[in-house]
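# What the coordinates show
The residues making up each chain are set out below.
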Amino acid sequence: MSSPLVITGMGMVSPLGCGVNANWERLLAGRSGISSISRFDTGELPIKVAGAVPGMESDPEAGFDPDRVADAKERRKMELFSLYAMAAADEALTQANWFPESDEDRLATATIVGSGIGGFPTITQAQNTLTTRGHRRLSPFTVPAFLANLAAGNVSIRYGLRGPLGCPVTACAAGVQAIGDGMRMIRSGEAEVALVGGAEACIDPLSLASFHAMKALSTEQDDPAKASRPFDQARNGFVMGEGAGLLVIETLDHAEARGATPLAYLSGYGTSADAHHITAGPEDGAGAAAAIRFALRMAGLAPDAIDHINAHATSTPVGDRAEIASLRNAFGDALAGIPISATKATTGHLLGAAGGVESIFSAMAAIHGQLPPTLNLENADEDLHDLDFVPGEAREHRSQHVLCNGFGFGGVNAALIVSKV
């Protein structure tokens, strides 16, 4: 029997701050990471709130300090999503104590960091420069900054990780798929260790206006902390978030051989396509349910073995309904007994980084025996009253197996099962 896969390191940057422990404590405390946009003048833009990563000036305890990640010269070559990935990578690799020095170990380490959009603000700024100042004023680092795979590339270069390098660009499933890709690479023998997850930073006027044109974003202005309301009847769209969530994964045998501490098991992974519509899943949730069933099959678990679900739950009416349909499809009557958390109520939707961040929240739920609360859930849809969404407050609950979902435009579905050691 092959050695199980384990997580040995985790790193996170999110609207709740920097560091896994700070994020977890604030999540359980019911603290919101969503606020009014101050990075640029929103002007007539109807979108006024976002889940921005706090800086040191507003959050001395856990704010993001770019100077700790890269010097000013390096930062001119990078977009913000790469900087977030670098910060999360440092935390994850430090916890795992994996800084390979031999060629053998470096070649055995994969770097798979998904992103839905990559360096979108660089693209919009470059277009503005081209229009107003001409092509000679464009930076030679424009392309390396915005390419979606450059978060993985920059991390790989910094730490000399010479194994497989990848970047799923599968919308909001990218972070979960990056973890699944790393799992496969270890199982196939292409790598022994993988740094996996997602990174995103596209709080930008054009991205917000574009998602608004699809009627996908919340137009809340008066109370930012209440803008993201998964499963609540008053929800009116998702809130754009940003950040990065990365994990170091390897086999248990490899971890024990080098004296690393396994934090949680990666028991199962599944992915599928809806083949239905570019932005909406089928009403019966069949595509996403297939991904969940694939994950259960890999884990060798029956549906009723799942103790907790971290839902994708973006806070859009169509998306939330489709996810519940998929969960009912996969779990049947057992779903009523499984607590479901929607942590995007706290962080907003981190797009390609969501799966990385939420897989860490899922692991922490299993490790600590606590369920994150679903904020802002005051009146669930009438057909959801049989379900437990952990409303309002965190709860103690022993979870041996936790499901984490990630779904994206184009009909891409991904599901991950994280289990307590």
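Just above sits the structure.
The structure displayed is predicted, hence computed values, not measured ones. (Residues numbered from 1 in each chain as written. Predicted model: local features only at pLDDT ≥ 70, side-chain atom pairs only at ≥ 80, totals over all residues. Heavy atoms only, no water.)

Summarising burial for strand S5 (residues 109–114): 6 of the 6 residues are buried, a large majority. Burial along S5 is two-sided: Thr109, Thr111 and Val113 facing one way and Ala110, Ile112 and Gly114 facing the other are all buried. Here S5 runs beside strand S7 (residues 193–200); their pairing, made up of 6 bridges, is parallel. Each residue of the ladder has a partner; that of Thr109, found in S7, is Val193. (Buried < 20%, exposed > 50% of the residue type's maximum accessible area, 1.4 Å probe, protein only. Helix = DSSP H or I, 4+ residues; strand = E, 2+ residues; numbered from the N terminus. Pairing = 2+ DSSP bridges.)

Summed over the entire model, instances satisfying the criterion amount to 17 salt bridges. Across the pair Glu378 and Lys226 runs a salt bridge whose closest N-O atoms are separated by 3.0 Å. Taken together, the positions of Glu378 in the loop between strand S12 (370–371) and strand S13 (395–396) and Lys226 in the loop between helix H9 (205–213) and strand S8 (243–251) put the pair 152 residues apart, joining distant regions of the chain. Note on Glu378: relative accessible area 49%, which makes it partly exposed. (Salt bridge = Lys/Arg side-chain N within 4 Å of Asp/Glu carboxyl O.)

A few words on the environment of Asp67. Tracing the backbone through its elements, the reader meets Asp67 in the loop between strand S4 (49–50) and helix H2 (72–75). Exposure remark for Asp67: the relative accessible area of 56% places this residue in the exposed category. With 249 residues separating them in the primary sequence, Asp67 and Thr316 have C-alpha atoms 36 Å apart. For Asp67, the side chain forms a polar contact with the side chain of Arg75, separated by 2.9 Å. (Polar contact = N/O pair within 3.5 Å; in protein donor to acceptor, adjacent residues only side chain to side chain.)

Turning our eyes to something else, we now look at the side chain of Thr111. Looking at the secondary structure, you find Thr111 in strand S5. Ignoring anything within four residues of it in the chain, the contact list for Thr111 reads Ala152, Val155, Ser156, Leu161, Pro164, Leu165, Gly166 and Leu195. (Contact = heavy atoms within 4.5 Å.)

Here the focus is helix H11 (residues 286–299). Between its terminal C-alpha atoms H11 stretches 20 Å, which fits the 20 Å expected from 14 residues at 1.5 Å a residue. Along H11, the residues that are buried comprise Gly287, Ala288, Ala289, Ala291, Ile292, Ala295, Leu296 and Ala299. Of the surrounding elements, those touching the buried residues of H11 are strand S9 (264–273), helix H12 (317–331), strand S14 (401–408) and strand S15 (412–420). (Expected span 1.5 Å × (residues − 1).)

The next point concerns the packing of helix H1 (residues 20–28) against helix H14 (residues 354–368). At their nearest, the axes of H1 and H14 sit 11 Å apart, and the two run at 75° to each other. The angle between the axes of H1 and H14 places the two elements in the roughly perpendicular class. From H1, Val20, Asn21, Asn23, Trp24 and Leu27 reach across to H14, where they touch Ile360, Phe361, Met364, Ala365 and His368. Among the residues forming the contact of H1 with H14, the class breakdown is 7 nonpolar, 3 polar and no charged. (Axes fitted to C-alpha atoms, helices over the stretch in contact; angles between N-to-C directions. Parallel < 35°, antiparallel > 145°, perpendicular 65-115°, else oblique. Nonpolar A, V, L, I, M, F, W, Y, C, P; charged D, E, K, R; others polar.)

Remark: H11 packs on H12, axes separated minimally by 8 Å, with the N-to-C direction vectors making an angle of 50°. Of the possible angle classes, the one that applies to H11 and H12 is oblique. In the packing of H11 onto H12, the handedness of the crossing is right-handed. Across from Ala286, Ala288, Ala289, Ile292 and Arg293 in H11, the residues of H12 making contact are Ser326, Leu327, Asn329, Ala330 and Phe331. Its residues assigned to classes, the contact of H11 with H12 comprises 7 nonpolar, 2 polar and 1 charged. (Left-handed = near helix turned anticlockwise from the far one by under 90°.)

What follows concerns the side chain of Ser228. Within the secondary structure, Ser228 sits in the loop between H9 and S8. The buried category is assigned to Ser228, whose relative accessible area is 1%. Apart from residues no more than four positions distant in its own chain, Ser228 is found in contact with Ile34, Val239, Thr314, Ser315, Lys344, Ala345, Leu375 and Asn376.

This next bit is on the pairing of S8. Extensive coverage of S8 is indicated by the burial of 9 of its 9 residues. Neither face of S8 is open: one carries Gly243, Gly245, Leu247, Ile249 and Thr251, the other Ala244, Leu246, Val248 and Glu250, and all of them are buried. Two strands pair when backbone bridges link them, and strand S1 (residues 5–14) and S8 are joined in this way by 8 bridges, in the antiparallel orientation. Directly across from Met10, in S8, lies its bridge partner Leu247. With 8 bridges connecting them, S7 and S8 associate as antiparallel partners. Bridging across to S8, Ala194 finds its partner in Ile249.

Turning our attention to the packing of aromatic side chains. Applying the stated criterion to the full structure yields 6 aromatic pairs. An angle of 80° between the planes, with centres 5.0 Å apart, marks the rings of Phe64 and Tyr84 as edge-to-face. Separated by 20 residues along the polypeptide, Phe64 in the loop between S4 and H2 and Tyr84 in helix H3 (residues 80–96) bring together distant segments of the chain. Under the relative-accessibility criterion, Phe64 is labelled buried at 9%. Owing to a relative accessible area of 2%, Tyr84 belongs among the buried residues under this scheme. For the ring pair Phe211 and Phe409, a centre distance of 6.5 Å and an interplane angle of 40° mean the geometry is tilted. Of the two residues, Phe211 is situated in helix H9 and Phe409 in the loop between S14 and S15; the sequence distance between them amounts to 198 residues. Clustering of aromatic rings is evident, with ring pairs tying together Phe211, Phe238 and Phe409. (Phe/Tyr/Trp six-rings, centres within 6.5 Å; stacked < 30°, edge-to-face > 60°.)

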